[in-house]
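Here's the letter readout for the chains.
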Amino acid sequence: MNRRDILEEVSPDWRHPMLAREKELAIYEREKDRLLENAGKFVLIGDDRVESIWDTYRDAIKAGYDKFALRPFLVKRIEAVERVHYCTRPIEPTCPQ
Amino acid sequence: MPTVVIPITAEGAVVEVLVGVSQLRANFFKAANLPVPSPLQLRLLVDTGADMTSIQAGLLAPLGIVPTGSIQLHTPSTGGNPVQCDQYEVGIVFARALPNPWPVDILPIFECQKFIGTYQGLLGRDILDQSVLTYNSFGQTVTISF
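K.L.:
Before we move on, could you go through the overall build of chain A and cite the residues and values that matter?
P.N.:
Broken down by element type, chain A carries 3 helices and 4 strands. Taken from N to C terminus, the helices and strands of chain A fall in the order α-α-β-β-α-β-β. Among the 97 residues that make up chain A, the fraction classed as buried is 39%. Sequence separation of 24 or more characterises 47% of the internal contacts of chain A that already satisfy a separation of 6 or more. Carbon together with sulfur atoms contributes 50% to the accessible area of chain A, which is approximately 5,800 Å² in total.

What follows is the structure in structure tokens.
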């Protein structure tokens, strides 16, 4: 039995460990309908609320450091249907907490 | 036009880059009089089949970065469905580009399990989309010009 088989047996959800920004993602999902008025832009979420919306990823990250310094924050593109990124190599993404 | 010439080996075209904190994070450290973590020298496989750059999990720990995003990712290993995974922002420098090094100030990436090979990540189309990529089968080189 290899490592993957063991993981599947003891924890079927091993591919989906808790995301580091789980709380902020939940806020994004909760506010998504309202945020979609700004589809294509980037939302900055931290301190349990939507902080601001920006035109570019860079601007949103900069605002994140300005506002939250080293405290956790999330920057996410506002999309009705989230874009899926592809990699043709059989790599296994990790989601450390 | 800064250009890096990469020999094609049995593994493919593997380029050496410096990976550090993003310029924005570095600016924050400097403003706060905190030391900016030194960049890491890593080897990335040029991969046109990856639309996003990825780096082997754990290697970024010395940079002290934490996720600032989240993406959906689909690979042959994700069981036929995309998975949600953490996204980090880093800065990359092509230190061996001539006539001058080429920096990518801020780049969202994700982490993945260890690769089989001598490389430690995949250089995806997020960077290649900013360049001219030339595959020279006669000279056995790949050239990336920014």
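Text resumes after the structure shown.
K.L.:
Before we move on, could you go through the nonpolar core and cite the residues and values that matter?
P.N.:
Residue and element names in this part refer to chain B. One finds Val15, Val19, Leu60, Ile92, Phe94, Leu123 and Ile144 to be the most contacted residues of the largest nonpolar core, which totals 31 residues. Put simply, the parts of the chain that give this core at least two residues each are β1 (3-9), β2 (12-21), β3 (40-46), β6 (83-94), β7 (102-112), α2 (125-128) and β10 (141-145). Element by element, the count of residues in this core is highest for β2, at 5 residues. Val14, Ala50, Leu73 and Phe115 belong to the second largest nonpolar core, which has 14 residues in total.

K.L.:
Tell me about the interface of chain B and chain A, residues and numbers included.
P.N.:
Counting from both sides, the interface comprises 44 residues of chain B and, opposite them, 33 residues of chain A. Summed over both sides, the interface of chain B with chain A buries roughly 3,600 Å², with 59% coming from carbon and sulfur. At the boundary of chain B and chain A, one finds 2 salt bridges. Here A:Arg83 and B:Asp51 are joined by a salt bridge, their closest N and O atoms 3.2 Å apart. Among the elements of the structure, α1 (23-31), β5 (69-74), β6 and β7 of chain B are those that each provide at least two residues to the side of chain B that touches chain A. In terms of residues, the side of chain B that touches chain A owes the most to one element, β6(B), which gives 7 residues. Looking at the side of chain B that touches chain A residue by residue, the class counts come to 23 nonpolar, 14 polar and 7 charged. Relative to β5(B), strand β4 (residues 84-86) of chain A runs parallel, the two being bridged by 3 bridges. Note that in β5(B) the partner of A:Val84 across the bridge is B:Gln72.

K.L.:
Report on the pattern of salt bridges, specifying residues and quantitative values.
P.N.:
Evaluation of the coordinates by the stated rule reveals 12 salt bridges over all chains. Of the charged contacts, one joins A:Arg89 and B:Asp47 as a salt bridge, the two residues approaching to 3.1 Å between their closest N and O atoms. Placement of A:Arg89 in the segment after β4 and of B:Asp47 in the loop between β3 and β4 (54-56) is noted, with the two residues assigned to different chains. The class for A:Arg89 is partly exposed, based on a relative accessible area of 30%. One salt-bridge network, in which partners are shared between bridges, spans A:Arg30, A:Glu31 and A:Arg34.

K.L.:
Tell me about the state of the cysteines, and please be specific about residues and values.
P.N.:
Among covalent bonds in proteins, the disulfide is the one between the sulfur atoms of two cysteines. The final tally for this structure, using the stated rule, is 0 disulfides over all chains. In this model A:Cys87 remains outside any disulfide bridge; the closest cysteine sulfur is found in B:Cys112, 7.5 Å from its own.

K.L.:
Residue-level account of the environment of B:Glu111, with values.
P.N.:
Residue and element names in this part refer to chain B. Relative to the helices and strands, Glu111 resides in strand β7. Owing to a relative accessible area of 7%, Glu111 belongs among the buried residues under this scheme. One polar contact links Glu111 to Tyr88, side chain to side chain, over a distance of 3.4 Å.

K.L.:
Just give me the short version of helix α3 (residues 57-68) of chain A, but keep the residues and values in it.
P.N.:
Each α-helix turn comprises 3.6 residues. Residues three or four places apart therefore point the same way. All names here are of chain A. Between its first and last C-alpha atoms α3 spans 16 Å; for 12 residues at 1.5 Å apiece the expected length is 16 Å, and the two agree. Residues of α3 that are buried include every one of Tyr57, Ala60, Ile61, Ala63, Gly64, Tyr65 and Phe68, and no others. Just past α3, the residue Ala69 takes up positive phi, approximately 55°.

K.L.:
Just give me the short version of the side chain of B:Asp126, but keep the residues and values in it.
P.N.:
Inspection of the secondary structure puts B:Asp126 in helix α2. Although buried, B:Asp126 forms no salt bridge, and the nearest oppositely charged side chain, B:Arg125, lies 8.2 Å from it.

K.L.:
Please give an account of the pairing of β10(B) that cites residues and values.
P.N.:
Each regular strand displays side chains that alternate between the two surfaces of the sheet. Residues and elements named next belong to chain B. For β10, the tally of buried residues reaches 5 of 5 residues, placing the bulk of the element in the interior. Burial of the side chains of β10 extends over both faces: Thr141, Thr143 and Ser145 are buried on one face and Val142 and Ile144 on the other. The pairing of strand β9 (residues 132-136) with β10 spans 5 bridges and is classified as antiparallel. What sits directly across from Asn136, in β10, is Thr141. In this antiparallel pair of consecutive strands, β9 and β10, the connection spans 4 residues, and Gln140 shows a positive phi of 55°.

Basis of the calculations
- Residues numbered from 1 in each chain as written.
- Chains lettered and ligands numbered in written order.
- Predicted model: local features only at pLDDT ≥ 70, side-chain atom pairs only at ≥ 80, totals over all residues.
- Heavy atoms only, no water.
- Helix = DSSP H or I, 4+ residues; strand = E, 2+ residues; numbered from the N terminus.
- Buried < 20%, exposed > 50% of the residue type's maximum accessible area, 1.4 Å probe, protein only.
- Contact = heavy atoms within 4.5 Å.
- Areas by Shrake-Rupley, 256 points an atom, 1.4 Å probe, with all protein chains shown as cover.
- Core = buried A, V, L, I, M, F, W, Y, C linked by side-chain atoms within 4.5 Å.
- Buried area = accessible area lost by both parts, 1.4 Å probe.
- Salt bridge = Lys/Arg side-chain N within 4 Å of Asp/Glu carboxyl O.
- Nonpolar A, V, L, I, M, F, W, Y, C, P; charged D, E, K, R; others polar.
- Pairing = 2+ DSSP bridges.
- Disulfide = S-S within 2.5 Å.
- Polar contact = N/O pair within 3.5 Å; in protein donor to acceptor, adjacent residues only side chain to side chain.
- Expected span 1.5 Å × (residues − 1).
- Lys, Arg positive; Asp, Glu negative; His and termini not counted.

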